[in-house]
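Report on the structure
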Amino acid sequence: MARNSFRAVWTLGLVLGSLVCVQPVAAQAPSGFLRINGVYPVVAPAAFDTALEIPLYDETAAYDIRQEPGSTIFYDATVGARIRQGLAAAVSVSFLDTRNAATASGSIPSPLFFDSARTASFSAELDRRQIDVHLQAVYYLPTPGGVDVAFSGGPSLLRVTRASVSSVALGAESLPFRTISITGLGTTPVTENAIGANIGADVAFMPTRVFGIGIFFRYVVGSIEAGSQEIDVGGLQAGAGLRFRF
């Protein structure tokens, strides 16, 4: 999946490069610019599953942990400066700090009978933070006055810090030990990094020379290793916000 996504970004990058090469009249990029956006994932991030095994009563308690990242708004800021007439360089930073639903389903041994596991489940909310840094080459197209249209692309650094379930608290047991409950989850912070790529387009409506509003679309490629799973932490994003030119 990651290989196909990189191929798509590479193809779009070639298209962008072709536009830069064949455009007969270059637009004038602003000497400096700032974009502040709220960013929403167009497609919700995939859920991911991990397994946890804990020795108990000379057997093993086995838990399946499912975490649902959900769709949550990122906060994004981009700052850039002109390199030459229609070309600029920019750095974009996206930030997300949220809590996501998690469910632990366990097969828990009996203290009296061998191979007589009980089942129990427990739901909680776990912390998740993601910081993405996108380095971008930005190309401005010639447009009518009051409108800025720009394409961008470049490498990305994606950093995810999440709460990983490392222990399970069980409720008090009593005869005949036929049922059991899970009362809590112990977690450990885990940080995973990925190097990816981004490509996007921005349209700004500028009623004045220095201030306006805009919309943008960005496709980000990047995945992390969560247990035995490869989890996509990029995807198609859409956003809107304020635009400033200097």
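The structure reproduced in this document is the subject of the present report. None of these values were measured; they are calculated from a predicted model. (Residues numbered from 1 in each chain as written. Predicted model: local features only at pLDDT ≥ 70, side-chain atom pairs only at ≥ 80, totals over all residues. Heavy atoms only, no water.)

Enumeration according to the criterion identifies two aromatic pairs in this entry. Relative to Tyr140, the ring of Phe33 has its centre 6.1 Å away and its plane inclined at 70 degrees; by these criteria the two rings are edge-to-face. You can see Phe33 sitting in strand β1 (residues 32–41) and its partner Tyr140 sitting in strand β6 (residues 118–141), a full 107 residues away along the chain. The class for Phe33 is buried, based on a relative accessible area of 2%. When its relative accessible area of 5% is taken as the criterion, Tyr140 is described as buried. An angle of 55 degrees between the planes, with centres 5.5 Å apart, marks the rings of Phe211 and Phe244 as tilted. Linking Phe211 in strand β9 (residues 211–221) with Phe244 in strand β12 (residues 235–245), this pair joins segments that are 33 residues apart in sequence. A relative accessible area of 34% places Phe211 in the partly exposed class. (Phe/Tyr/Trp six-rings, centres within 6.5 Å; stacked < 30°, edge-to-face > 60°. Helix = DSSP H or I, 4+ residues; strand = E, 2+ residues; numbered from the N terminus. Buried < 20%, exposed > 50% of the residue type's maximum accessible area, 1.4 Å probe, protein only.)

Per the stated rule, a full pass over the model turns up eleven salt bridges. Arg99 is paired through a salt bridge with Glu125; the nearest N and O atoms lie 3.8 Å apart. With Arg99 in strand β5 (residues 87–108) and Glu125 in strand β6, the pair connects residues that are 26 residues apart, well separated along the chain. The partly exposed category is assigned to Arg99, whose relative accessible area is 45%. Accessibility expressed as a relative area gives 48% for Glu125, which makes it partly exposed. For Arg99, the salt bridge goes to Asp127, with nearest N and O atoms at 2.6 Å. Of the two residues, Arg99 is situated in strand β5 and Asp127 in strand β6; the sequence distance between them amounts to 28 residues. (Salt bridge = Lys/Arg side-chain N within 4 Å of Asp/Glu carboxyl O.)

Glancing now at the pairing of strand β2 (residues 48–56). Where β2 and strand β3 (residues 59–68) come together, nine bridges link them in antiparallel fashion. Looking at β3, one finds that Asp49 is bridged to Arg66. Where β2 folds back on β3, the antiparallel hairpin that results is connected by two residues, among which Tyr57 adopts a positive phi of roughly 55 degrees. (Pairing = 2+ DSSP bridges.)

On to a nonpolar patch on the surface, then. Judged by side-chain polarity, Ile36, Val42, Val43, Phe205, Val210, Phe211, Ile213, Ile215, Phe217, Leu236 and Leu242 come together as a nonpolar surface patch covering roughly 950 Å² of accessible area. Listing elements by their share of the nonpolar patch, those giving two or more residues are β9 and β12. No other element matches the four residues that β9 contributes to the nonpolar patch. Examined against the element boundaries, Val210 turns out to sit in the loop between β8 (182–205) and β9. Using a relative accessible area of 48% as the deciding quantity, one classes Val210 as partly exposed. (Patch = residues over 30% accessible without salt bridge, like charges linked within 9 Å, V, L, I, M, F, W, Y side chains within 5 Å. Areas by Shrake-Rupley, 256 points an atom, 1.4 Å probe, with all protein chains shown as cover.)

Honestly, it's all geometry; don't read function into it.
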